[in-house]
Amino acid sequence: MQLRYNYRAYPDAAQRHALARAFGCARVVWNDCLRDRREAHAAGLPYVTSAELSRLRITQAKRTGERAWLADVSAVVLQQSLRDLDAAYRNFFDSLTGKRRGRKAGPPRYKSKKDTRQSIRLNTNAFSLQENGTVYVAKVGHLKVTWSRRLPAAPTSLTVTRDSCGRYFLSFVVDTAPDILPDVETEAGIDLGLSAFAVLSDGRKIVSLRFLRRAEKKLKRLQRELSRTQKGSKNRAKARSRVARQHARVADRRRDFHHQASTQIIRDNQAVYVEDLAVSGLARTRLAKSVHDAGWSAFVGMLEYKAVKHGRTFARVGRAFPSSQVCSACGFRDGPKPLHVRQWTCSKCGTVHDRDHNAARNVLFEGRRIVAAGRAETPNACGAPVRRAPVPAQRGEAGSPRKGRTAQAGIPGLQAREHVKFVPLRPFLRV
């Protein structure tokens, strides 16, 4: 399976200038190739092949005065930008024909230098890990990196990213074998919510830390300062950077919380079942800010790939399953209940239920039934099948082995360091 390992990089001034030049050249190649294909489509001409675009927009463009500066960056950066465009078109066509599951993918769009995220991709011909712990990037130099953990194997590709607040990250894609954990007897059904982030079928609750709500006061002040600055001024750029840094802190805290909670759940349970919520629909209601602050989709995605990595069972229960209406003790369906009803009594057996705990138990029972029956989909209220999403590894990237040279697993300079230990989620769990 393929996994992505992300590390913070600290380029110096000259390296930041070289990376900005690489970001711009990759963006220009993308836009030029996209423009050629759009114009050919509008004129009714055949689809422009990648080989023709590579010859016209990379090889020949370097010999012209208008695009001579493309030769200042590595050719791998330009070729990978064209391959990314091909992948975007492939996803768009597969989405139109139904080969690609999930949300519909739109056609590729033009990139702008004002985009909040700038990135380039490299294969193993354009980067290497050095013995002193730095990473050499072609025509950029040796980048200083903070290694938080060792790589389990030699990387096949590298993505260099600059985010909205000016931070640089190196993302390595590694082919590695699954890390199977010892079998345990417990299983868990999970009910996601807002008052409590998640309620497990055994009664434990993971509290909702509401990262955005807690940072809202400072964000409001920074937004007011930004709105008072003049457009195009240096003070406005500084204020925008301060707002972006605060949003990045919120996102980092939420991501760290998701990783800790998902890892703890996967380690403690042999099988994990979760309800497939319509997050995009809930994000259009009056609860939109709280739904986005919870980050359910990212959390479920972490559960999904970590289950594959550690040999656990993972299943989604269809969103039409009435988990809040069915009594988990006797199975009687007691009808829908408004959100303000947090506790109710079954009219048939008299059992008093906590709404979230009862829903988590029903998700557990339904997940067990789906896995036992070997069904890949469950019917919704109208009788139509609702497909469960596949359980893929992390998104793959194109990579090539280094010819004539053997790559060593791990990170030079960190061979004596141990893996980062996992910190249990005791402060977040309530029984």
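Residues numbered from 1 in each chain as written. Predicted model: local features only at pLDDT ≥ 70, side-chain atom pairs only at ≥ 80, totals over all residues. Heavy atoms only, no water.

### Remarks on the pairing of strand β13 (residues 313-317)
Taken across its five residues, β13 has four buried, putting it largely inside the fold. By the bridge criterion, five bridges tie strand β12 (residues 271-275) to β13 in an arrangement that is parallel. For A271, the partnering residue across the bridge sits in β13 and is T313. (Buried < 20%, exposed > 50% of the residue type's maximum accessible area, 1.4 Å probe, protein only. Helix = DSSP H or I, 4+ residues; strand = E, 2+ residues; numbered from the N terminus. Pairing = 2+ DSSP bridges.)

### Considering the nonpolar core
Nonpolar side chains in soluble globular proteins tend to end up buried together. The biggest cluster of nonpolar side chains holds 49 residues, and the ones touching the most others in it are I120, L122, V135, L158, L170 and F172. Of all the elements, helix α1 (residues 13-42) adds the most residues to this core, at eleven residues. If we ignore the near neighbours within four places in the chain, the residues touching V135 are S128, L129, G141, H142, L143, V145, W147, L158, L170 and F172. The next biggest cluster of nonpolar side chains, apart from the first, holds 28 residues, and it includes I190, V207, V250 and F299. (Core = buried A, V, L, I, M, F, W, Y, C linked by side-chain atoms within 4.5 Å. Contact = heavy atoms within 4.5 Å.)

### Side note on the packing of helix α6 (residues 234-268) against helix α9 (residues 296-310)
Contact geometry for α6 and α9: axes closest at 9 Å, N-to-C directions at 40 degrees. Viewed along their axes, α6 and α9 adopt a mutual orientation that is oblique. Regarding α6 and α9, the two cross each other, and that crossing is right-handed. Side by side, α6 and α9 meet where R255, H258, H259, A261, S262, T263, I265 and I266 of the first sit next to A298, F299, M302, L303, Y305, K306, A307 and H310 of the second. Along the lines of polarity and charge, the residues of the contact of α6 with α9 split into nine nonpolar, five polar and two charged. (Axes fitted to C-alpha atoms, helices over the stretch in contact; angles between N-to-C directions. Parallel < 35°, antiparallel > 145°, perpendicular 65-115°, else oblique. Left-handed = near helix turned anticlockwise from the far one by under 90°. Nonpolar A, V, L, I, M, F, W, Y, C, P; charged D, E, K, R; others polar.)

### Let's talk about the pattern of salt bridges
Summed over all chains, the structure comprises 22 salt bridges. D252 is paired through a salt bridge with R255; the nearest N and O atoms lie 2.9 Å apart. With a gap of three residues between them, D252 and R255 both fall in helix α6, about one helical turn apart. The class for D252 is partly exposed, based on a relative accessible area of 28%. (Salt bridge = Lys/Arg side-chain N within 4 Å of Asp/Glu carboxyl O.)

### Details of the sheet that holds strand β8 (residues 168-175)
Across the sheet, five strands lie side by side as β2-β7-β8-β1-β6; this open sheet has antiparallel pairing. Edge strands, defined here as strands with exactly one partner in the open sheet, are β2 (118-123) and β6 (145-146). Pairing of strand β1 (residues 2-9) with β8 involves eight bridges; the strand directions are antiparallel. Bridge pairing in β8 links Y7 to L170. Contacts from α1 reach β2, β7 (155-162) and β8 within the one sheet, and its direction differs from that of β2 by about 90 degrees.

### Structural notes on the packing of aromatic side chains
Two numbers describe a pair of aromatic rings. These are the distance of the centres and the angle of the planes. If you walk through the whole model with that rule in mind, you get eleven aromatic pairs. Taking the centre distance of 6.2 Å and the plane angle of 55 degrees together, the rings of F127 and F172 count as tilted. Taken together, the positions of F127 in strand β3 (residues 127-129) and F172 in strand β8 put the pair 45 residues apart, joining distant regions of the chain. Classification of F127 as buried rests on a relative accessible area of 4%. F172 gets classed as buried once you look at its relative accessible area, which sits at 0%. Their ring planes at 75 degrees and their centres at 5.0 Å tell us that F197 and F299 sit as a pair that is edge-to-face. Residue F197 is found in strand β10 (residues 196-200), and its partner F299 is found in helix α9; the two are separated by 102 residues along the sequence. Under the relative-accessibility criterion, F197 is labelled buried at 2%. Note on F299: relative accessible area 0%, which makes it buried. (Phe/Tyr/Trp six-rings, centres within 6.5 Å; stacked < 30°, edge-to-face > 60°.)

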